[in-house]
Every structure is written in structure tokens, then in C-alpha cells.
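Read off the chains here:
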Amino acid sequence: MKKIIIANWKMNPQTADEAEKLSVAVDNFAKKNKKKIIICPPFVYLESLSRKIKSDLGSQDVSSKIIAAGTSHTGEISAKMLKNLGVKYVIAGHSERRGLGETNEIINKKIKEALKNNLRVIFCVGESSRAEGEDYLQFIREELAAGLNKVPSRLLKKIIIAYEPIWAISSAGRLKGESKYHPDAPEDAYQMSIYIKRVLVSLFGKSAINIPILYGGSVDEKNAKEFLEKGNADGLLVGRTSWSAKSFNELLKNI
Ligand code: PGA
């Protein structure tokens, strides 16, 4: 299976012009080098980028609200709107959205809304620390079970799991005033992906075995290859390194 490389632009860049330049540069490079990338820009750029690039687009979020007569939800973006724009994927459960108060129940609603509208889901899970005495395996099991609650097995082929330990995300180090990022060790990420696969199979049976499991958290042009090889990841969810065409294309070149 082709490795899936996802660019999570987060709240960048600040102008449509920059967004277009960045997307065109990475799209061309990916095409030329036969890499599968999914670009997840802020909502406001999705429409114009959908006309400029060939790579798949993902949104960084989706509303959990169900469209129904008489309901109104200021500021929300529905799964149907995204689908109608040509967006293929949505990210759900990113730790930065969980940090704003998103619960497992809300994430589950988002996942189901996205699937109902024929979107594919990049579902993020990850523990905030591996401190001794913390049952982080159980924590991840709960995130998976609650997020995928009542998702029919036949739709599992539309799910990608992104394992992103929160402590490994590049902004985590920066927020603590540290200059160094802390990616997971590829071997540990591999072990975690085996654990995640076991949980998925225990929840859904054998049909869950083919769900891709990606790694994310301080992936850069130097360590990307290790996560795919030693870490056996099916792909990567890349934040900071995807905000510059130079570093993202370098990463694509190195894998
Ligand atoms: P990072 O972000 O690559 O900057 O650590 C990854 C993410 O938050 O998805």
C-alpha cells in the first residue's frame, strides 16, 4: 500500500496567495514523485485550492451538528458543504481541538456525520503523557472505542487512524518553552500501532485489520523515513514541516 502523507497546515498561512503557492509547489512535487499526499488547509482556502491542485484535500474539522429544519448553528461547517466542495477527508479528534473542549462523544458525532456524507475520516488518538502509573493504553482504547462507537463495520474502509502522542506534537515542546521537539521513538510508535490494531480488531473483528495507522508528532524531513521503516507506519500526519514547500518536499524526497 502506498504511504499516506498528510499535511496539516493548522492555522497557516495567513493569505490566500501564500496558500495557493504552497499547495501548487507540493502538489507538483508529489505528482512528479508519485507520492500520495492529502493537504488539509484552513477551511477558507479549500474552495480555491480545489480548483488549483490534483492532490486530495482534507478539512481540519467538521461540524457535529445534524442539518435539520429549524436548527441553526452559527459558524459551523457541515460535512455536506465539504463534500459538495470536493473535499475527500476530514480530520477528527485532533488533540488541539480536544484541547478546546471536544469530547469523545462530539468526535464520534463528527465521524458519523462525515461518513454519512461519504467523506473519509482521519481519526486522531494519542495520550498526553506516558508517565509511570498512567494507564495510557487504556486511555487510547477508550478514545478508539468512543470515537468509533456505532460506526458500521462496512464503513471502516473509510477510516484512517493517526496516532499522535500529544507530548510529541511540535507545539507541545514550544509551549513549555523548550527549543527541542520530542518525536516518539519509531520503535515505540510501532508498538503502539500494533496495540491500536489489536483494539480495533477486538472492537470490529477481522475487517479492522486493514485500517491504516499513521504516525504524527514532530515528523520532519530527517526522521520521516524512520517512522515509515522502523516504525512501520502506513503514513504520516505532518504539521509544522508541511508549512513550507521546501521542507515538505524534502520530506517527500527522503521517504
Ligand atoms: P507537528 O504537528 O508535526 O507540528 O508536531 C502534527 C499535528 O499536530 O498534526
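Here goes a summary of the coordinates provided. As the structure is a prediction and not an experimental result, all values here were calculated from the model. (Residues numbered from 1 in each chain as written. Predicted model: local features only at pLDDT ≥ 70, side-chain atom pairs only at ≥ 80, totals over all residues. Heavy atoms only, no water.)

## Regarding the environment of K2
Positionally, K2 belongs in the segment before strand 1 (4-8). For the pair K2 and D234, spaced 232 residues apart in sequence, the C-alpha separation works out to 7.8 Å. From its side chain, K2 meets the backbone oxygen of K34 in a polar contact 2.9 Å long. (Helix = DSSP H or I, 4+ residues; strand = E, 2+ residues; numbered from the N terminus. Polar contact = N/O pair within 3.5 Å; in protein donor to acceptor, adjacent residues only side chain to side chain.)

## A closer look at the pairing of strand 1
Where burial is concerned, most of strand 1 is hidden: five out of the five residues are buried. Here five bridges tie strand 1 to strand 2 (residues 36-40), and the two strands are oriented parallel to one another. The partner of I6 across the bridge, within strand 2, is I38. You can see the chain leave strand 1, run along helix 1 (residues 16-32) and come back into strand 2, and the turn it takes is right-handed. (Buried < 20%, exposed > 50% of the residue type's maximum accessible area, 1.4 Å probe, protein only. Pairing = 2+ DSSP bridges. Right-handed = clockwise from strand over helix to strand, strands pointing away.)

## Here we look at the site of the ligand
Every residue lining the ligand is accounted for by N8, K10, H94, E164, I169, S170, G217, S218, L237, V238, G239 and R240. In the environment of the ligand, an oxygen atom lies 3.3 Å from a nitrogen or oxygen atom belonging to the side chain of N8. R240 is positioned with one of its backbone polar atoms (N or O) 2.9 Å from an oxygen atom of the ligand. Protein chains bury 100% of the 280 Å² of accessible surface belonging to the ligand in isolation. Tallied by class, the residues present in the shell around the ligand amount to three nonpolar, six polar and three charged. (Near = heavy atom within 4 Å. Areas by Shrake-Rupley, 256 points an atom, 1.4 Å probe, with all protein chains shown as cover. Nonpolar A, V, L, I, M, F, W, Y, C, P; charged D, E, K, R; others polar.)

## Comments concerning the pattern of salt bridges
Under the criterion given, the structure shown has 19 salt bridges. K10 is paired through a salt bridge with E96; the nearest N and O atoms lie 2.9 Å apart. Of the two residues, K10 is situated in the loop between strand 1 and helix 1 and E96 in helix 4 (residues 95-98); the sequence distance between them amounts to 86 residues. K10 gets classed as buried once you look at its relative accessible area, which sits at 16%. Judged by its relative accessible area of 34%, E96 is partly exposed. Here E20 ties to K52 by a salt bridge, and the two come within 3.6 Å at their closest N and O atoms. Residue E20 is found in helix 1, and its partner K52 is found in helix 2 (residues 43-52); the two are separated by 32 residues along the sequence. Given the relative accessible area of 31%, E20 is considered partly exposed. K52 sits in the partly exposed class, given a relative accessible area of 39%. A network of salt bridges, in which partner residues are shared, links D61, R97, E102 and K110. (Salt bridge = Lys/Arg side-chain N within 4 Å of Asp/Glu carboxyl O.)

## With respect to the nonpolar core
Core analysis: the biggest nonpolar cluster contains 60 residues, and I111, V121, F123, L144, I161, I196 and L200 have the highest contact counts within it. At seven residues, helix 8 (residues 186-204) tops the list of elements feeding residues into this core. For V121, the residues in contact, after removing those within four places along its chain, are V90, A92, I111, A114, L115, K158, I159 and I160. In this structure, I4, C40, C124 and L214 belong to the second largest nonpolar core, which totals twelve residues. (Core = buried A, V, L, I, M, F, W, Y, C linked by side-chain atoms within 4.5 Å. Contact = heavy atoms within 4.5 Å.)

## Some thoughts on the sheet that holds strand 3 (residues 56-59)
Remark on secondary structure: sheet strands pair via backbone hydrogen bonds, oriented parallel or antiparallel. Pairing within the closed barrel is parallel, and its eight strands lie in the order 1-2-3-4-5-6-7-8. Averaged over all neighbouring strand pairs, the angle between strand axes comes to 25°, with direction disregarded. Of the pairings in the sheet, the one linking strand 1 to strand 8 (residues 235-238) comprises four bridges and is parallel in character. Opposite I6, over in strand 8, you have L237 as the bridge partner. (Axes fitted to C-alpha atoms, helices over the stretch in contact; angles between N-to-C directions.)

## Re the packing of helix 1 against helix 10 (residues 245-254)
Running from amino to carboxyl end, helix 1 crosses helix 10 at an angle of 15°, the nearest separation of the two axes being 9 Å. By the criterion of interaxial angle, the relationship of helix 1 to helix 10 is roughly parallel. In terms of crossing hand, the pair formed by helix 1 and helix 10 is right-handed. From helix 1, L22, A25, V26, F29 and A30 reach across to helix 10, where they touch A245, F248, N249, L252 and K253. (Parallel < 35°, antiparallel > 145°, perpendicular 65-115°, else oblique. Left-handed = near helix turned anticlockwise from the far one by under 90°.)

## Details of a positive patch on the surface
There is a patch of like positive charges on the surface, built from K83, R120, R154 and K157. Relative to the elements of secondary structure, R120 occurs in strand 5 (residues 120-125). On the basis of relative accessibility, which here comes to 31%, the residue R120 falls in the partly exposed class. (Patch = residues over 30% accessible without salt bridge, like charges linked within 9 Å, V, L, I, M, F, W, Y side chains within 5 Å. Lys, Arg positive; Asp, Glu negative; His and termini not counted. Charge placed at Lys NZ, Arg CZ, Asp CG, Glu CD.)

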